Amino acid sequence: MSTTSDLPPLKEGKIQRNDILGKDLAVDYGTIYVKPNEINYLDIKFKKVLTRFKINLNIRGLMGEFSPNTVARISIGRYYTNPQTMAKEFKEDIVQMGDFNLISQQPQFGTLTAQNNYNISLNTEGDIAGKSSKYTYIYTASFNPIPANQLTLRVKNLVVIHDDNAQERKFTPSSTDEIIIPINNTNSLPLERAITYNIIARLIESPLVVGQNKWARTNLIYNNSNPSNTNKVDRFIFRYDNNYTNPHATEYWEPQTIDPCSKVYPNGLWRLPTRAQLQSLINAEGILRDQQLSLGSNILKFTQYDSPTISHIAYGNSNKLILPYFGYIDSQNNATNNLSSNSPEGQYWGYNTSLGYGYINLNPTDESYVTNFDTNEKRTIRCVRTQ
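Thresholds applied
Residues numbered from 1 in each chain as written. Predicted model: local features only at pLDDT ≥ 70, side-chain atom pairs only at ≥ 80, totals over all residues. Heavy atoms only, no water. Helix = DSSP H or I, 4+ residues; strand = E, 2+ residues; numbered from the N terminus. Rg over C-alpha atoms; globule rule 2.2 N^0.38 Å. Contact = heavy atoms within 4.5 Å. Areas by Shrake-Rupley, 256 points an atom, 1.4 Å probe, with all protein chains shown as cover. Lys, Arg positive; Asp, Glu negative; His and termini not counted. Charge placed at Lys NZ, Arg CZ, Asp CG, Glu CD. Pairing = 2+ DSSP bridges. Disulfide = S-S within 2.5 Å. Buried < 20%, exposed > 50% of the residue type's maximum accessible area, 1.4 Å probe, protein only. Salt bridge = Lys/Arg side-chain N within 4 Å of Asp/Glu carboxyl O. Polar contact = N/O pair within 3.5 Å; in protein donor to acceptor, adjacent residues only side chain to side chain. Axes fitted to C-alpha atoms, helices over the stretch in contact; angles between N-to-C directions. Phe/Tyr/Trp six-rings, centres within 6.5 Å; stacked < 30°, edge-to-face > 60°. Lys NZ or Arg CZ within 6 Å of the ring centre and 35° of its normal. Core = buried A, V, L, I, M, F, W, Y, C linked by side-chain atoms within 4.5 Å. pLDDT = per-residue confidence, 0-100.

## Examining the overall build of the chain
Helices and strands together make up the secondary structure of the chain, namely three helices and 32 strands. A globule of 387 residues ought to have a C-alpha radius of gyration of about 21 Å, yet the chain, at 27 Å, is considerably larger. Counting only C-alpha atoms, the chain reaches 100 × 50 × 45 Å along its principal axes. Nonlocal contacts in the chain, meaning residues at least 24 apart in sequence, comprise 64% of its contacts between residues at least 6 apart. Carbon and sulfur atoms make up 46% of the accessible area of the chain, which totals about 19900 Å². One way to put it: in the chain the 38 positive side-chain charges average out to a point 4 Å from where the 35 negative ones average out.

## Points about the pairing of strand E25 (residues 298-305)
Examined bridge by bridge, strand E24 (residues 287-295) and E25 share seven bridges and lie antiparallel to one another. When the sheet's bridge partners are listed, Gln292 is paired in E25 with Lys301. What sits between the antiparallel neighbours E24 and E25 is a turn of two residues, in which Gly296 has the positive phi angle 70°. Both E25 and strand E26 (residues 321-324) contribute to a ladder of four bridges, which runs antiparallel. The residue bridging Tyr305 from the neighbouring strand is Leu321, located in E26.

## Observations concerning the state of the cysteines
Cysteine pairs can be covalently joined through their sulfur atoms, and such a bond is termed a disulfide. Here the structure, examined in full by the defined rule, presents one disulfide. The disulfide bridge from Cys261 ends at Cys383, spanning 2.1 Å between sulfur atoms. Negative torsions about the S-S bond denote left-handed disulfides, and the value of about -85° found for Cys261 with Cys383 makes this one left-handed. Of this pair, Cys261 sits in the loop between strand E22 (236-238) and strand E23 (270-271) while Cys383 sits in the loop between strand E31 (366-370) and strand E32 (384-385), placing them 122 residues apart in sequence. A single burial state applies to Cys261 and to Cys383, both of which are buried.

## Here's the deal with the side chain of Arg385
Tracing the chain through its elements places Arg385 in strand E32. Put simply, Arg385 is tucked away with no salt bridge, and the nearest opposite charge, on Glu205, sits 8.4 Å away. Here the side chain of Arg385 touches Glu205 through a polar contact of 3.2 Å, landing on its backbone oxygen. Here Arg385 is in contact with Ile204, Glu205, Ser206, Pro207, Lys214, Leu269 and Trp270, once residues within four sequence places are set aside.

## Overview of the sheet that holds strand E15 (residues 159-162)
Overall, antiparallel pairing links the three strands, which are arranged E5-E15-E16 in an open sheet. Where the open sheet ends on each side, the last strands, each with one partner, are strand E5 (64-66) and strand E16 (168-170). Across this sheet, the average inter-strand angle for adjacent strands is 35°, counted without regard to direction. Two strands pair when backbone bridges link them, and E15 and E16 are joined in this way by three bridges, in the antiparallel orientation. Within the sheet, the bridge partner assigned to Val160 lies in E16 and is Arg169.

## So, the pattern of salt bridges
The tally for this structure, following the rule as stated, stands at eight salt bridges. The salt bridge involving Arg379 is made with Glu377; its shortest N-O contact spans 2.8 Å. Here Glu377 falls in the buried class, since its relative accessible area comes to 13%.

## Let's talk about the packing of aromatic side chains
Two aromatic rings, taken as a pair, are described by how far apart their centres are and by the angle between their planes. With the rule as written, the count across this model stands at 13 aromatic pairs. Each ring, one from Phe236 and one from Trp253, has its centre 5.9 Å from the other, and the planes form 20°; the classification is stacked. Taken together, the residues Phe236 in strand E22 and Trp253 in the loop between E22 and E23 connect sequence positions 17 residues apart. Taken together, Trp349, Tyr351, Tyr357, Tyr359 and Phe373 form an aromatic cluster joined through their ring pairs. Directly above the aromatic system of Tyr244 lies the positively charged group of Arg239, at a separation of 3.9 Å from the ring centroid. Here Arg379 stacks its cationic end above the ring of Trp349, 5.0 Å away from the centre of that ring.

## Here's the deal with the environment of Thr371
Note that Thr371 resides in the loop between E31 and E32. Between the alpha carbons of Thr371 and Gln256 there is a distance of 14 Å; along the sequence they are 115 residues apart. Not counting residues within four places of it along the chain, the set of residues in contact with Thr371 comprises Leu355, Tyr357 and Gly358.

## Some details on the nonpolar core
Counting residues in each nonpolar core, the largest one holds 28 residues, and the members touching the most others are Phe53, Ile55, Ile76, Leu153, Leu158, Phe171 and Ile181. Taken together, the elements giving at least two residues each to this core come down to strand E4 (51-61), strand E6 (73-81), strand E14 (151-156), strand E17 (178-182) and strand E18 (196-204). When neighbours within four sequence positions are excluded, Leu158 is seen to be in contact with Ile59, Phe66, Arg169, Lys170, Phe171, Thr172, Ile179 and Leu203. Counting 19 residues, the second largest nonpolar core, distinct from the first, contains Met63, Trp253, Val264 and Trp349.

## Notes on the confidence of the model for the chain
Per-chain confidence: the chain averages 86 in pLDDT, with 91% of residues scoring 70 or above. Considering each helix and strand of the chain separately, the mean pLDDT is smallest for helix H2 (residues 227-230), with a value of 48, and largest for E32, with 98.

Right, dumping it as structure tokens:
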């Protein structure tokens, strides 16, 4: 048994279920013949009697790390889609355990019951952003196959410390609530004794759908903090929310030789919007132009778009596509047409394969894609998903 403590006591020749939970178990059966006056060797070949899951939960795509003040709880099972709400709901915990009979000459468990929840221990394995990746081993005595597209993780109390100003993002209303993470097992998964099944769940920030396009919830910034002090490895990240009137120093971008959106983790999932995608915002459905939001003594001015994307408690006002009017930085490094001016503008970069970099202005509304500009000017970027 994989334990650093004393072996548990037997009760009527059985190891109790609760003494096995969270541990690996291997046994060997046979008769020992002792020969007097000779050196006797015990030819013991332990065989594992459980199925093992290694579950890795990676939140690097959420642009943060696990909160040190919380312990995520995780379980694995099957799910179904509620026909009323279309939400995915946990159906059955497939990880089960029972009392183990050591007297029988073959692996034999008593009545199996669900284990439910498990701590996730910190791990840096396979990810240079160690604080963004945790794993646990889970063992089961149930070998029922998992049907295709029904494998899921259930995670409680997931709290992420965002890389933008170390703000907390809570994905559940309380520590007792949970989120369901479906795993795409396209084929039925047979479970076999003594086999380890690796499950990697990479959580990635979801986009907002407007028309045919999937937009990032907030603007792109460059994380220029010292990685040796902060354990941050991702330079290209999105802002935490839209509740601010003073743009980040790195929120304005010069035209780049590379697509900065493509550098958001995981690489290649996001990109700069095209000319057509930017222009689609001008007359999109559910548009609210020239909106204002009081933030203390300052006023945020922006254009807002409705989205059919399901609202999530973790994102607050970023459940709507909000594009602030932050103007641009001219070639003399002066903030121009920003919120403090009498005519704030919302200028956003795009990229067209034939025209190269260009931008549109959401305020005042202008469908033109401007390509004649000083290459030393800097503007804001709102990325789109490639899939």
